[in-house]
Structure formats: structure tokens, C-alpha cells
Amino acid sequence: MTTTIAGAARPMTRIALLAGMALALAACETTATRGPAQAVAVVEQRDQAVTGANIASLTEVIRRNPQDAGAYNTRGAAFARAGQFREAIADFTRAVELDPRNAPAFTNRALALRQTGRDDDALADFSRALDVDPNYAPARLGRGNLLRARGQLQPALADLNVALRLNPESAEAFHARGLVYQRLEQHREAVLDFDAAIDRNPFVAPPYQGRAQSLIALGDNERAIEDLNASLNVFANNADAWAWRGVALERTGRRDEARESFQRALGLDASNRLANEGLARTGGRLARS
């Protein structure tokens, strides 16, 4: 995180390795204002030529070993990285047909199903993975994130507690549990979890934004501004982060800077409610009627 807010920021990529495959969970959500949630599975973007070559190579492996569930699971992840979710789901489905006790394949299929908006089917697959292996941490994390997105906070908390017991170095699980505590308005606990997430991986934006929102709720606006600056240095095109920065600046009496942050947010998302309301309070011109 070496660039400034005004400078060019690096694209943000959060990677969770599932059985050797790079499917990632994005769990960035606004909580205090019931803003738009972004809690579906996403995949790492790779060079298309490299991904295509990888898929071709894996297809040859499958041709030679058509009963190899692991090969289907691996190719499914490659399809998912390329954004070919229908093909990915088909491969994960074949993997679990060949090996009905393949917890990674159930988990990966659940993540791909989430990307296509099929959350009911995804929840069933996370649960199938955990029926096979109750100690499979990625499935605990995935199901916890999905339950949180559905507002089932206590079951989500239970899953994430287990995920962290199984993998206490998981930045993603600490971040996800922090979001649950935030929704429960347990902001001190949320800050501790965001601290832990940042300690384990300081190069992604969502934990900084999450911690900032809880710090604002606790009245620590100066620290919140620092966190939002850090978040925006990693990923500058986040309207919610600009809007929350405006809120924190406004609460410290820096109305001109707050107005600028609200305007930056609305330049990225004219419908952002937090920014529109903040701009109205600070005397700016609304981006929409």
C-alpha cells in the first residue's frame, strides 16, 4: 500500500485457496446503513491465455483419466477463474458424482453457485461438504459468509467460530466474523477481529473499511479516517469507502473535506445513499433528485 488516495491504486484481490484452487470470497459489506451488500463468491482474475492453456492441459488429463474426481475439481476451479461458471459447476458436479465424499468439490461448487445467484443450492452444498468433513474449514467459512448475508447471524457466528478454531491464521475468517459482530452491534469485538484480519493480511481493503465503520460507531473518527485512507490506497474505486470517509470527516468538523469525499463517492456510484445524505448535510449538490 504505497500509493496515496489521489494516486493510482492497485486492484484488490482476495485469494482463499481451496484444495489448491484459487477461489476467493469477497465479504465486503456496509452494515450500519443497510447499504448494498457484496457478499457473493468471486474469483481471481487471471490472464485469459494462461487460463485457457491451463484448461486445455487439464482437459487432456481428464481425457486420460476420466474417473479422476480431483482432475474435474481442478479444471472446475480453472473454469471459475475464467468466469465460466456453468462449465465450472458441471465439473464440480462430475467430481462429486465420482467421489461423493469430496468436501473440496462440494465447497467449490457452492462458491460457483453463489456467483450465479443460486444461494439456496450453495447453502446445501456447503452443508454437504460439512456432512462429509465437519472440520473442513473452507466450507465453514463459506457457509458462515452465506448465513451472514442472509441475516442468520447466530448460526453464522457459530460456523465462523469453528472456522477460526480450525484455522486460527485465516484473515478471511476473522474479517467475516468481524462483520457478524458489526451486524450484532458488538463493535469492540468487531474491531478486535478486524485487527486480527489486518495483522494476518494487511494488503487488502475490506478489513480496513470494516474496522473504520466500527470505529465510527464507537466515536473514534480520527482512527476511522486513517483506516479509510488505507482502504482507498488499496482500492480507490470503492464508493462506500469514500462515503464512510466523508462521514468520519464530517464528524470531526472537516466539512469541506467531507463534502469532497461524498462527491468522490457519488462520482463512482450516484445512487449511494450514504453519500447523497452526507452531501445534503454538508451543503453540496445532490447527484440525484
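Right above here is the structure, for reference.
Computed from a predicted structure; not experimentally measured.

## Concerning the overall build of the chain
Looking only at helices and strands, the chain has 14 helices and 5 strands in total. Taken over 289 residues, the chain has a buried fraction of 53%. Looking at the chain alone, contacts between residues at least 24 apart form 52% of all its contacts between residues at least 6 apart.

## Examining the pattern of salt bridges
Scanning the entire structure with this criterion turns up 21 salt bridges. A salt bridge links Arg223 to Asp220; its shortest N-O distance comes to 3.7 Å. Asp220 gets classed as partly exposed once you look at its relative accessible area, which sits at 27%.

## Some remarks on the packing of helix 3 (residues 85–98) against helix 4 (residues 103–115)
Axes are the key here: two packed helices are described by the angle between their axes and the distance separating the axes. Taken N-terminus to C-terminus, the directions of helix 3 and helix 4 make an angle of 155°; their axes are 9 Å apart at the nearest point. Compared by their axis directions, helix 3 and helix 4 come out roughly antiparallel. Two packed elements cross with a definite hand, and for helix 3 against helix 4 that hand is left-handed. Residues Phe85, Ile89, Phe92, Thr93, Ala95 and Val96 of helix 3 form the contact with helix 4, whose participating residues are Ala105, Phe106, Asn108, Arg109, Ala112, Leu113 and Gln115. Here the residues of the contact of helix 3 with helix 4 are counted per class, giving 9 nonpolar, 3 polar and 1 charged.

Parameters at a glance
Residues numbered from 1 in each chain as written. Predicted model: local features only at pLDDT ≥ 70, side-chain atom pairs only at ≥ 80, totals over all residues. Heavy atoms only, no water. Helix = DSSP H or I, 4+ residues; strand = E, 2+ residues; numbered from the N terminus. Buried < 20%, exposed > 50% of the residue type's maximum accessible area, 1.4 Å probe, protein only. Contact = heavy atoms within 4.5 Å. Salt bridge = Lys/Arg side-chain N within 4 Å of Asp/Glu carboxyl O. Axes fitted to C-alpha atoms, helices over the stretch in contact; angles between N-to-C directions. Parallel < 35°, antiparallel > 145°, perpendicular 65-115°, else oblique. Left-handed = near helix turned anticlockwise from the far one by under 90°. Nonpolar A, V, L, I, M, F, W, Y, C, P; charged D, E, K, R; others polar.

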